[in-house]
Amino acid sequence: MEIPKDQITTLLDHGLYSSAQMLGCFLVSSSAVNAETSPHLKAENLILLGDALFREREYRRAIHTYKQALQYYKIVPKQNSTSSRSSLSTSNRSSSPNSFNVSTINESEVKYKIASCYFALSDIKAALVEMEGIPSKARNLQMSLLMAKLYRNSRHNRGAVACYKECLRHCPFVIEAITALAELGATAKDIISLFAQTPNRSVKAPFDHIDSSRWLQRYVEAQCCIASNDYKGGLEHFAELLQRFPNNIHILLEIAKVEAIIGKNDEAIMNFEKVRLIDPYILTYMDEYAMLLKVKCDYPKLNQLVHDLLSIDHTRPEVFVALSVLWERKDERAALSNAEKSIRIDERHIPGYIMKGNLLLSMKRPEAAVIAFRLAQELRPDLRSYQGLVHSYIASLKVKEALYAARGAMKTMPQSAKVLKLVGDVHSSNAGGREKAKKFYESALRLEPGYLGAAFALAELHVIEGRNGEAVSLLERYLKDWADDSLHVKLAQVFAATNMLQEALSHYEAALRINSQNEAAKKGLERLEKQMKGVDPDAPEEDEENEAEDVDGDQEEAELL
């Protein structure tokens, strides 16, 4: 008995993939379709089964089935093949694996489906082989986008740029192509010029008349600013877009991500929380949010966030980075394992490399940390990857390499107070460079007067050189405008170093009133109480001194995040 082909297409169209897969087994084994006399029908049936397997995420079986279909297709008599190809040339059917109403075989579509399976399995090389077998003229929008991703993952950037541009010529609203082109170095002018090349058949009206406010052009400018590390310009463009599209989750996330990178932690946290109120099931950039909660020592919120993410989708790289952040305080090895899992899931996931680098740095493995930060930098050279690289070189006592990396950051971000502070950190790592370090820290504060990181570094320099009074005066100036727990901790440390224990106690307590979870304040207070009782705080455990004195290191790690 012949199995009606339209029944399996009905099941596929209704998303009943398991039933479609089982029915497909009947379809391909039907004695009514002879492989020798009707290879074309056999190929069509196999493609339908492959489509069901693809949707069931049985990618290996789908690949095997699609390839069988192509083998049968190759033995179709030439006249049948020719007629099938001509009928396809007039077909408007999508090449997406979501489209299953196969009436005739399109070899390019099948190759695209095989490549999609390989891509899902992270076998980039095999996927590229399939896609490169499709003639460029036969590629549609979906094929061009997959080709672009494969080239980019293979670090064939020139090919990736060409394919992403082709996507925008098809349709100017392929947002991921815009972001990718910006990250690959295309200018806003170059990207916007592609919109005018969109054929009129693809859109209802020429692009110039689609939207009088030109919001998409503003979006392009924003992404190009961020890609070139002009964070201020990018935030201004995004803020303008947010006025036009209030509560736009994508824009809010982009703003929060940039704020996290440049150290505007409170603003970033506020925007991430706003996004979660609008959509509590969002996963995008939630690992960035987790890092910020760790910096703020807000462990109750961090615990709740990780619990929520695990319940939404425990297979995403963001979830494993968030788990890594949560485990860092309890078990650094477990934290490192989770960071590495995030990279195995998506080898282009930058927060995974940043987290891995920071963990390796805190585990006293700076050489390995250098590798992690370099990989992050290859994907997108931003402030955090530069900070991680510089501090890893300093920890490895490779001052020349640290200075080279810091100067590279200066070339990339010439007007950044964070980068000036970074150069200062390199100079302050040796006694002969402290005067230079002081100048860089002061320059950073002139450029960004509210940058506490530079103020803390300058205060530390004053303490090292015995100018405790200057350190106190510098930090107390910020107390008027900043209710910041880390500021009180730094002041407490300076007072403790000058044996002004009562003042130190007052500031540790102030820090804990602002943030009861501040680990540095807790440890500092514990040591201070022992000192005030006349007990040597270093006597019971040899490691405690290192822990107390490493508070500045913790602050720098927080800045890396």
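Residues numbered from 1 in each chain as written. Predicted model: local features only at pLDDT ≥ 70, side-chain atom pairs only at ≥ 80, totals over all residues. Heavy atoms only, no water.

- An unreviewed UniProt entry annotates the protein chain as Anaphase-promoting complex subunit 7 of Dipteronia dyeriana.

## Looking at the pattern of salt bridges
- Inspection of every chain in the model, using the stated rule, returns 26 salt bridges.
- A salt bridge links lysine 149 to glutamate 176; the nearest nitrogen and oxygen atoms lie 3.3 Å apart. Taken as a pair, lysine 149 in helix H8 (residues 141–153) and glutamate 176 in helix H10 (residues 175–183) lie far apart in primary sequence, 27 residues in all.
- Take lysine 149: its relative accessible area is 26%, and that puts it in the partly exposed class.
- Here glutamate 519 makes a salt bridge to arginine 329, at a shortest N to O gap of 2.9 Å. Taken together, the positions of glutamate 519 in helix H30 (residues 519–532) and arginine 329 in the loop between helix H18 (317–327) and helix H19 (332–345) put the pair 190 residues apart, joining distant regions of the chain.
- The partly exposed category is assigned to glutamate 519, whose relative accessible area is 22%. (Salt bridge = Lys/Arg side-chain N within 4 Å of Asp/Glu carboxyl O. Helix = DSSP H or I, 4+ residues; strand = E, 2+ residues; numbered from the N terminus. Buried < 20%, exposed > 50% of the residue type's maximum accessible area, 1.4 Å probe, protein only.)

## A few points about the environment of alanine 406
- Residue placement: alanine 406 occurs in helix H23 (residues 399–412).
- Linking alanine 406 and histidine 391, residues 15 residues apart in sequence, is a C-alpha distance of 9.7 Å.
- Excluding its chain neighbours within four sequence positions, the residues that come into contact with alanine 406 are Val390, Val419, Val423 and Val426. (Contact = heavy atoms within 4.5 Å.)

## Looking at the side chain of serine 416
- Looking at the secondary structure, you find serine 416 in the loop between H23 and helix H24 (417–428).
- On the basis of relative accessible area, serine 416 is assigned to the buried category, the value being 14%.
- Within the local environment of serine 416, its side chain forms a polar contact with the backbone nitrogen of lysine 418, the two atoms lying 3.3 Å apart.
- Discounting residues that sit within four places of it in the chain, serine 416 has contacts with Leu383 and Leu447. (Polar contact = N/O pair within 3.5 Å; in protein donor to acceptor, adjacent residues only side chain to side chain.)

## Details of H10
- Within H10, burial applies to Ala177, Ile178, Thr179, Ala180, Leu181 and Ala182.
- On its buried face, H10 is in contact with H8, helix H9 (157–170), helix H11 (188–195) and helix H12 (215–227).
- Count one or two residues on from H10 and you reach glycine 185, which has phi positive near 100°.

## Things to note about the UniProt feature "repeat: TPR" (unreviewed entry) in the protein chain
- According to UniProt, the feature "repeat: TPR" (unreviewed entry) maps to residues 485–518 in the numbering used here.
- Summarising residues 485–518: 79% helix, 0% strand, and an end-to-end C-alpha distance of 8 Å. (UniProt positions renumbered as here; feature names shortened; annotations may be inferred.)

## Here we look at the packing of aromatic side chains
- According to the stated counting rule, one finds five aromatic pairs in the structure shown.
- Look at tyrosine 219 and phenylalanine 238: their rings are 6.2 Å apart centre to centre, the planes differ by 65°, and that puts the pair in the edge-to-face class. Taken together, the residues span a long stretch of sequence, with tyrosine 219 in helix H12 and phenylalanine 238 in helix H13 (residues 231–244) at a distance of 19 residues. The residues tyrosine 219 and phenylalanine 238 share a single accessibility class, namely buried.
- Aromatic pair phenylalanine 272 and tyrosine 289: ring centres 5.6 Å apart, planes at 35°, arrangement tilted. Pair noted here: phenylalanine 272 is in helix H15 (residues 265–278) and tyrosine 289 is in helix H16 (residues 286–295), with a separation of 17 residues, a long-range link. The pair formed by phenylalanine 272 and tyrosine 289 is uniform in burial state, with each residue classed as buried.
- Chaining the aromatic ring pairs together yields one cluster made of Phe173, Trp215 and Phe245.
- Above the ring of tryptophan 327, the side-chain terminus of lysine 330 is found at 6.0 Å from the ring centroid.
- Above the plane of the ring of tyrosine 451 lies lysine 418, whose end atom (NZ or CZ) is 4.4 Å from the centre. (Phe/Tyr/Trp six-rings, centres within 6.5 Å; stacked < 30°, edge-to-face > 60°. Lys NZ or Arg CZ within 6 Å of the ring centre and 35° of its normal.)

## Let's talk about the nonpolar core
- Within the largest apolar cluster, 129 residues are counted, with the highest numbers of intra-cluster contacts made by Met131, Leu168, Ile191 and Phe272.
- Among the elements that line this core, the one with the most residues is helix H14 (residues 249–261), at eight residues.
- Residues Ala455, Leu458, Leu487 and Val494 belong to the second largest nonpolar core, which totals 36 residues. (Core = buried A, V, L, I, M, F, W, Y, C linked by side-chain atoms within 4.5 Å.)

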